[in-house]
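Spelled out, the chains give:
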Amino acid sequence: MNSLATALLEKIHTRQGRAGVVGLGYVGLPLAVEFARAGLTTVGIDVDARKVDEVNAGHSYIPDVPTADVARLRQAGRLSATTDFSVVRDLDTVNICVPTPLRKTKDPDMSYIVSAAEQIAKHLHPGLLVVLESTTYPGTTAELLQPMFEASGLKAGKDFFLAFSPERVDPANDKFNTRNTPKVVGGTTGDCSAVAAALYGTAIDTIVPVSSTQVAEMVKLLENTFRAVNIGLVNELALMCDRMGIDVWEVVNAAKTKPFGFMPFYPGPGLGGHCIPIDPFYLSWKAKQAGFEARFIELAGHVNAGMPHYVADKVGEALNTHRKPVNGSSILVLGISYKRDIDDIRESPALDVMHVLHQRGARIAYADPHVPSLRARDWPGGCELTSVDLTRDSLASFDCVVVVTDHRAFDWTMVADAATLIVDTRNAIGATAGPHVFRLGAPQQKSPEPESAAA
Ligand SMILES: NC(=O)c1ccc[n+]([C@@H]2O[C@H](COP(=O)([O-])OP(=O)(O)OC[C@H]3O[C@@H](n4cnc5c(N)ncnc54)[C@H](O)[C@@H]3O)[C@@H](O)[C@H]2O)c1
C-alpha cells in the first residue's frame, strides 16, 4: 500500500478525515448523515441552494432522514452544506450522488456526472478519494471519470483514489436503511478498493468488495434489471390472466408458498421511480456498443411501458358497465407517487395513467397524502392539481376511482364502500368487495342475478 493510501486510512480510522458528498438528494443526504454520525466531519455539496440552506438550517427534506438527526449533527459541527466546490481542496473523500436520467431517446444522460466531475477535477489533490455512487453503465468510472481526473497529471491508484460503489437505498423501507444494507465496493486498484472500503466501513455494517469498478457498476444494473424483468413477466401474466379469467393475485400468493426457487413479484400499473424504469436501459445502451442486443431488457421495457394504457383501457371497460364513456367522466386517481408510502413522483406510472385518461377526455383529480399538489409541468396533462380530501362524499362524487398507489394511509374499507366504481391496480381492495371493483389481472365479480331473471 502506498504512503498516501496509508495516510488516508489513518485519517479515516481516527475520524480525522473530512468527507464530502456531492448531490444531497434521496441518496446523498442519508449518506452524508451516516458519515457525520460515524464521526467524520462531512460537507454536502449541491447546486440547489435551497437544499444547502435547509441542511445548514438543521432541516431534513428527505422523509427517511429525521430532521432531529440533521439538527443534532449540525449543532455538533459535523455536518454542513455548500454550493461551492472549492471545499474539495480541504476534503479527504468525495462521494458523487448526482442524478443519472435517460434522454428522450433512452440514451444515458451523463451531464450531471460530467458536470460534478469537472468541478471536482478543478480541486483534485494528492490523497483524495473519489467514489461514484450514481447508477450508471459499466465502464463509466474507468472510461469517463478516470481520464477526466488524470488530465490533472495525477494518477489514479497512485496519487489519488477512485472507486465505484452502487447505492441501494430503498425509500420507506422499515427494515433496511443506509447503515444495514450491505455495500458493494470496487476500486480502480487494490489501494483504491481498500480506502473506499474503509470509508464505508465507518458508517455501514457490511462491505462487499469486488474486483473492479466495472463489476461494481454491473452489480447494480443486474439488481435493477432483475426487478424490471420479473415485474415485466408478472405484468404479462396479469394480461394473460385477464384474458383467461384467472386471478393473477391468487396465483402469485399461492406460488410464493413454495419455500425455495420462487420469489414473488406483483403486477401493477407500470414501473416508476428513478431506478427500475431507467437503469436497465443504461445496460442495454452499453451492450449495444459491444454489439450485443439485450433482449430481456427490451421486452420487459415493452411490457411494462404498456401497463398504463392497459389500466386506462380497464377504466373504459369499467365505465362501460355504468353506460358511461371515458370522455367527460370524472376520475379520481388514488396515490400518485411511484410506490407506497413515499412522496417521490419521478417516472410514476400514475402520471402516465392520468395522461392517457386525460387525452381520452376524462376529468382528472387525484388524492395522495404524500403529494399535496402537482404542478402542471410534472404531468403530461399539464394543469395544476391539488390532492382531494378523501371522504365518503368525495369518493362517491366521482364516476370512477383508480387505485394506482396503495399507501397505507388510505382507508380501503371506506374506499370500497363509498366509491361507485373502482379500478384497483394493486389488489388493495381484495377480491370480495363486490362487482363495482375491477381488479387488474383478475376476473370481474358477478353482479347478483336480478330477481326476475333468476325466477
Ligand atoms: N432514489 C433512489 O431510491 C435511488 C436508489 C439507488 C440509486 N439511486 C441513484 O442515485 C443517484 C442519485 O439519485 P437521487 O434519487 O439521490 O437523486 P436526487 O435528484 O434526489 O438528488 C440528486 C441531487 O444532486 C444535485 N445535483 C445535480 N447536479 C449536480 C451537480 N453537478 N453538482 C452537485 N449537485 C448536483 C441535485 O440538485 C439533487 O439535490 C442516481 O444515479 C440514482 O439512479 C437512487
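Just so we're clear, the structure is a prediction, and the values are computed from it rather than from any experiment.

Participant: Lay out the packing of aromatic side chains in plain terms, naming residues and giving numbers.
Facilitator: Counted under the stated rule, the structure contains six aromatic pairs. Seen from their ring centres, tryptophan 249 and tyrosine 266 are 6.5 Å apart, and the 10 degrees between their planes marks the pair as stacked. Taken together, the residues tryptophan 249 in helix α9 (residues 248–255) and tyrosine 266 in the loop between α9 and α10 (279–289) connect sequence positions 17 residues apart. Given the relative accessible area of 4%, tryptophan 249 is considered buried. The ring of tyrosine 200 carries lysine 183 above its face, with NZ or CZ at 4.8 Å from the centroid.

Participant: Please provide a residue-by-residue account of the packing of helix α6 (residues 140–150) against helix α8 (residues 213–244), values included.
Facilitator: Contact geometry for α6 and α8: axes closest at 8 Å, N-to-C directions at 120 degrees. Classified by the angle between their axes, α6 and α8 sit oblique to one another. Residues Thr140, Thr141 and Ala142 of α6 pack against Thr213, Gln214 and Glu217 of α8.

Participant: Give a description of the nonpolar core that names residues and reports values.
Facilitator: The biggest cluster of nonpolar side chains holds 44 residues, and the ones touching the most others in it are Ile331, Ile336, Met354, Leu357 and Leu374. Contributing elements (two or more residues each) for this core: α8, α9, α11 (295–321), β9 (330–334), α12 (349–359), β10 (363–367) and β13 (400–403). If one sorts the elements of this core by residue count, α11 sits on top with seven residues.

Participant: Explain the site of the ligand to me, and be specific about the residues and the numbers.
Facilitator: Lining the immediate surroundings of the ligand are 28 residues, of which Val27, Asp46, Lys51, Thr100 and Thr135 lie closest. Residue lysine 51 places a side-chain N or O atom 2.8 Å away from an oxygen atom belonging to the ligand. For the ligand, an oxygen atom lies 3.0 Å from a polar atom in the side chain of arginine 346. Starting from 820 Å² of accessible surface for the ligand in isolation, the protein chains cover 93%. Tallied by class, residues from the shell around the ligand come to 15 nonpolar, seven polar and six charged.

Participant: I'd like a description of the layout of surface pockets, backed by residues and values.
Facilitator: Considering only enclosed or pocket space, the second largest pocket measures out at about 870 Å³ in volume. Of the residues assigned to the lining of the second largest pocket, the class counts are 18 nonpolar, seven polar and eight charged.

Participant: Now, about a nonpolar patch on the surface: what can you tell me, with residues and values included?
Facilitator: Among the surface-exposed residues, Met240, Met244, Ile246 and Val251 lie close enough to one another that they form a single nonpolar patch of about 340 Å² accessible area. You can see isoleucine 246 is positioned in the loop between α8 and α9. Isoleucine 246 sits in the partly exposed class, given a relative accessible area of 36%.

Participant: Outline empty space enclosed by the protein, listing residues and values.
Facilitator: All chains considered together, the criterion is met by one cavity of 30 Å³ or more. Estimates place the volume of the largest cavity at around 60 Å³. Along the walls of the largest cavity sit Glu167, Arg168, Val169, Asn177, Thr178, Thr181, Pro182, Lys183 and Ile204, which together make up its complete lining. Partitioning the lining of the largest cavity into residue classes produces three nonpolar, three polar and three charged.

Participant: Describe the pattern of salt bridges, and please don't skip the residues or the numbers.
Facilitator: Taken as a whole, this structure holds 24 salt bridges when the rule is applied. A salt bridge links lysine 183 to glutamate 133; the shortest N-O distance between them is 3.3 Å. Of this pair, lysine 183 sits in strand β7 (residues 183–187) while glutamate 133 sits in the loop between β5 (129–132) and α6, and the two are 50 residues apart along the sequence. Here the two residues lysine 183 and glutamate 133 agree in accessibility, since each one is buried.

Participant: Describe the sheet that holds β9, and please don't skip the residues or the numbers.
Facilitator: With parallel pairing, the five strands of this open sheet are ordered in space as β10-β9-β13-β14-β15. The open sheet has two edge strands with one neighbour each: β10 and β15 (437–439). Along the sheet, successive strands turn relative to each other by an average axial angle of 20 degrees, direction set aside. Packed onto the sheet, α11 meets β9, β13, β14 (422–424) and β15 and runs at close to 150 degrees relative to β15.

Participant: I'd like a description of the pairing of β5, backed by residues and values.
Facilitator: Judged by which residues are buried, β5 turns out to be covered on both faces: Leu129 and Val131 on one side and Val130 and Leu132 on the other are all buried. Of the strand pairs in this sheet, strand β4 (residues 93–96) and β5 are connected by four bridges, and their pairing is parallel. Of the residues in β5, the one forming a bridge with isoleucine 96 is leucine 132.

Participant: Kindly report on the environment of isoleucine 297, identifying the contributing residues and their values.
Facilitator: One can find isoleucine 297 in helix α11. Its relative accessible area of 7% is what places isoleucine 297 among the buried residues. Spatially, the C-alpha atoms of isoleucine 297 and threonine 225 are 7.0 Å apart, while their sequence positions differ by 72 residues. Residues within four places of isoleucine 297 in sequence aside, it is in contact with Thr225, Pro280, Phe281, Leu283 and Ser284.

Participant: Account for the side chain of asparagine 224, with residues named and values stated.
Facilitator: Relative to the helices and strands, asparagine 224 resides in helix α8. Residue classification places asparagine 224 among the buried residues on the basis of a relative accessible area of 6%. If we ignore the near neighbours within four places in the chain, the residues touching asparagine 224 are Cys275, Ile276, Asp279 and Pro280.

Participant: Break down the side chain of aspartate 399 for me, with residues and values.
Facilitator: The topology assignment puts aspartate 399 in the loop between α13 (392–396) and β13. Reaching out from aspartate 399, the side chain makes a polar contact with the side chain of lysine 324 at a distance of 2.8 Å. A polar contact of 2.8 Å, which involves the side chain of aspartate 399, links it to the backbone nitrogen of serine 330. Ignoring any residue separated from it by four or fewer positions in sequence, one finds aspartate 399 in contact with Leu319, Lys324, Gly328, Ser329, Ser330, Arg363, Thr420 and Leu421.

What counts and what doesn't
Residues numbered from 1 in each chain as written. Predicted model: local features only at pLDDT ≥ 70, side-chain atom pairs only at ≥ 80, totals over all residues. Heavy atoms only, no water. Phe/Tyr/Trp six-rings, centres within 6.5 Å; stacked < 30°, edge-to-face > 60°. Helix = DSSP H or I, 4+ residues; strand = E, 2+ residues; numbered from the N terminus. Buried < 20%, exposed > 50% of the residue type's maximum accessible area, 1.4 Å probe, protein only. Lys NZ or Arg CZ within 6 Å of the ring centre and 35° of its normal. Axes fitted to C-alpha atoms, helices over the stretch in contact; angles between N-to-C directions. Parallel < 35°, antiparallel > 145°, perpendicular 65-115°, else oblique. Contact = heavy atoms within 4.5 Å. Core = buried A, V, L, I, M, F, W, Y, C linked by side-chain atoms within 4.5 Å. Near = heavy atom within 4 Å. Polar contact = N/O pair within 3.5 Å; in protein donor to acceptor, adjacent residues only side chain to side chain. Areas by Shrake-Rupley, 256 points an atom, 1.4 Å probe, with all protein chains shown as cover. Nonpolar A, V, L, I, M, F, W, Y, C, P; charged D, E, K, R; others polar. 1 Å grid on protein atoms, 1.4 Å probe; cavity = no way out; pocket = protein on both sides within 12 Å on 5 of 7 lines; lining within 4 Å. Points joined across faces, edges and corners; volume = space filled by probe spheres on them. Patch = residues over 30% accessible without salt bridge, like charges linked within 9 Å, V, L, I, M, F, W, Y side chains within 5 Å. Salt bridge = Lys/Arg side-chain N within 4 Å of Asp/Glu carboxyl O. Pairing = 2+ DSSP bridges.

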